Amino acid sequence: MSNVPILDVHPGTGKGKAASDYQRALDPDVAHRDGYRGVIVKFSQGDGTYDPYNLDGYWRRMARVFEYMGGYHFLDHTMNGRPQAQRFVKRMRLATGREDGRGIAIVIDFEGYSGPGFDLSPTNEDLHDFVKELREHVGRHPIGVYSNHSFWTGGTPSGRIADYDIDYVYDSRYPYANTLRNPIRSMREALDWYGKQPKWGG
């Protein structure tokens, strides 16, 4: 999916007025007309408290329109990595009908997750254990990680990509401010920015 405009979407939890819940109303036909050719849909998070609801219905609605589909798990520290991976696989099966990842992009969101009075940011061990369990289901299917430079290299540095048996990492920096006014131009600017950055993570 290199250089293909992709949307990263959260179908919503149905638990209030979180900003992500508004992504539930995404009209895939409008997005496709605007030039987007795929979506990476949030399948699961941590212990399941904030998993999207009606995931299979949302997935079918997106897959009817987009050529490229993917699913991601928001890794946190509510439980260790292995049961989180098992939950992701269960949710992947719900959405796609399979648990081997065939035909979709698989991505792990590995970022800081904290706020007033709590810090549930995932650890390197969480990531390692998640991937190890996931490999038992998807084999050598490519696994990507969505992170950012400061989280990967700060605190306890995550080190080399190869140490986690993942295939690629991409930076979650958002170098565009006019996304709503001109989403296609903004996405192209973002892709150009990513292409010019020094590689990190090994």
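Caption draft 1: Up close: the overall build of the chain. When its secondary structure is counted, the chain shows six helices and eight strands. Counting from the amino terminus, the chain carries its helices and strands in the arrangement β-α-β-α-β-α-β-β-β-α-β-α-β-α. For the chain, with 202 residues in total, the buried portion stands at 47%. Sequence separation of at least 24 residues holds for 74% of the intrachain contacts in the chain that already meet a minimum separation of 6. When the accessible surface of the chain is totalled, it reaches about 10,500 Å², and 50% of it is carbon and sulfur.

Caption draft 2: Looking closely at the packing of aromatic side chains. This model, assessed by the stated rule, comprises eight aromatic pairs. Arranged with centres 5.2 Å apart and planes meeting at 80 degrees, the rings of Phe74 and Tyr113 form a pair that is edge-to-face. A residue pair is termed long-range when its members are at least 10 positions apart, and Phe74 in strand β3 (residues 68-74) and Tyr113 in the loop between β4 (105-109) and β5 (114-115) qualify at 39 residues. Here Phe74 falls in the buried class, since its relative accessible area comes to 13%.

Caption draft 3: Broad picture of the nonpolar core. The biggest cluster of nonpolar side chains holds 34 residues, and the ones touching the most others in it are Phe43, Leu127, Leu134, Trp152 and Ile166. Of all the secondary structure elements, the ones that give two or more residues to this core are β2 (38-45), α2 (55-63), α3 (81-96), β4, α4 (124-138) and β7 (143-147).

Caption draft 4: Looking closely at the side chain of Lys42. Residue placement: Lys42 occurs in strand β2. No salt bridge is formed by the buried Lys42. Its closest oppositely charged neighbour is Asp51, at 6.7 Å. A distance of 2.5 Å separates polar atoms of two side chains, one belonging to Lys42 and the other to Gln45. In this structure Lys42 touches Val9, His10, Pro11, Tyr50, Pro52, Leu55, Tyr72 and Phe74, once residues within four positions along its chain are discounted.

Definitions and cut-offs
- Residues numbered from 1 in each chain as written.
- Predicted model: local features only at pLDDT ≥ 70, side-chain atom pairs only at ≥ 80, totals over all residues.
- Heavy atoms only, no water.
- Helix = DSSP H or I, 4+ residues; strand = E, 2+ residues; numbered from the N terminus.
- Buried < 20%, exposed > 50% of the residue type's maximum accessible area, 1.4 Å probe, protein only.
- Contact = heavy atoms within 4.5 Å.
- Areas by Shrake-Rupley, 256 points an atom, 1.4 Å probe, with all protein chains shown as cover.
- Phe/Tyr/Trp six-rings, centres within 6.5 Å; stacked < 30°, edge-to-face > 60°.
- Core = buried A, V, L, I, M, F, W, Y, C linked by side-chain atoms within 4.5 Å.
- Lys, Arg positive; Asp, Glu negative; His and termini not counted.
- Salt bridge = Lys/Arg side-chain N within 4 Å of Asp/Glu carboxyl O.
- Polar contact = N/O pair within 3.5 Å; in protein donor to acceptor, adjacent residues only side chain to side chain.

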